[in-house]
Amino acid sequence: MKRTAAIIALLCLIITAFFGCAEGTGSDAMLRCTILIECKNAVACNELAADQKELLPSDGMILTKTEIAFTDGESVYDVLVRECRERGIHMEASYAPVYDSAYIESIANLYEFDCGSLSGWTYCVNGVFPNYGCSNFKLSDGDEIEFHYSCDLGRDVGAVFEE
């Protein structure tokens, strides 16, 4: 009897280890996306103070296109905050009640309006610039996130917004 119980217990452990821990089978399966953060327009901007320009990478690439993992339900904002924190990139954001979303004020010490009254951070996913905040954009597997510093309300980085 003891031997039968031991065999059953061993089989349960093996089945649990094999099926219960297999990658991609649970709701916590890791999904993949890419993220890029660039400020090429700020580097080229004449309005940016020289001491601020010294803080930026000369090629304008704060974070080159990098593949990362995320979990189901995470937003573009969640991923941005985590990746900036893990990589030591300064970032500031605030909650904008009128949009019910996070507003990106600064990445890498480059703030909105540093390059004039039309400058600031914008984002796109899969080449599309959404007309809502990044904390409201839920990611899908394979998404490509890009944050761009614009000096002209997004027009200089390819953003086209409906009026």
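Everything here concerns the structure above.
Residues numbered from 1 in each chain as written. Predicted model: local features only at pLDDT ≥ 70, side-chain atom pairs only at ≥ 80, totals over all residues. Heavy atoms only, no water.

Below, the discussion takes up the pattern of salt bridges. Scanning the model with the defined rule gives six salt bridges in all. Between Arg82 and Glu74 there is a salt bridge, with the nearest N and O atoms lying 2.5 Å from each other. The exposure class of Glu74 is buried, given its relative accessible area of 13%. A salt bridge links Glu83 to Arg82; the shortest N-O distance between them is 3.7 Å. (Salt bridge = Lys/Arg side-chain N within 4 Å of Asp/Glu carboxyl O. Buried < 20%, exposed > 50% of the residue type's maximum accessible area, 1.4 Å probe, protein only.)

What follows concerns helix 4 (residues 76-87). End to end, helix 4 covers 16 Å across twelve residues, agreeing with the expected 16 Å (1.5 Å per residue, within 8%). Tucked inside the fold, the buried residues of helix 4 contact strand 1 (31-38), strand 2 (61-70), strand 3 (91-96), strand 4 (101-107), strand 6 (120-125) and strand 7 (144-150). Once helix 4 finishes, Gly88 follows within two positions and takes phi at roughly 70°, a positive value. (Helix = DSSP H or I, 4+ residues; strand = E, 2+ residues; numbered from the N terminus. Expected span 1.5 Å × (residues − 1). Contact = heavy atoms within 4.5 Å.)

Another aspect to go through is unusual backbone geometry. In this model, Asp100 sits at a positive phi of 50°, which is unusual for a non-glycine residue. Structurally, Asp100 is set in the loop between strand 3 and strand 4. Unlike most non-glycine residues, Asn126 shows phi in positive territory, near 55°. Take Asn126: it is sitting in the loop between strand 6 and strand 7.

Another point: the sheet that holds strand 2. Strand order in the open sheet made by the four strands is 2-1-7-6, with mixed pairing throughout. Every interior strand has two partners, whereas the edge strands, strand 2 and strand 6, have only one. The sheet shows a mean angle of 15° between the axes of neighbouring strands, taken without regard to direction. Relative to strand 7, strand 1 runs parallel, the two being bridged by five bridges. Of the residues in strand 7, the one forming a bridge with Ile37 is Phe147. Docked against the sheet, helix 4 engages strand 1, strand 2, strand 6 and strand 7, running at close to 115° with respect to strand 2. (Pairing = 2+ DSSP bridges. Axes fitted to C-alpha atoms, helices over the stretch in contact; angles between N-to-C directions.)

Further remarks concern the nonpolar core. Counting residues in hydrophobic clusters, the biggest one holds 35 residues, and the most contacted among them are Ile37, Val76, Leu80, Ile107, Trp121 and Phe147. It is helix 4 that provides the largest number of residues to this core, a total of five residues. Ignoring anything within four residues of it in the chain, the contact list for Leu80 reads Ile35, Ile37, Met91, Ile104, Ile107 and Phe147. (Core = buried A, V, L, I, M, F, W, Y, C linked by side-chain atoms within 4.5 Å.)

Moving on: the side chain of Ser75. Turning to its location among the elements, Ser75 is positioned in the loop between strand 2 and helix 4. Contacts of Ser75, omitting those with residues within four sequence positions, involve Cys134, Ser135, Phe137, Lys138 and Leu139.

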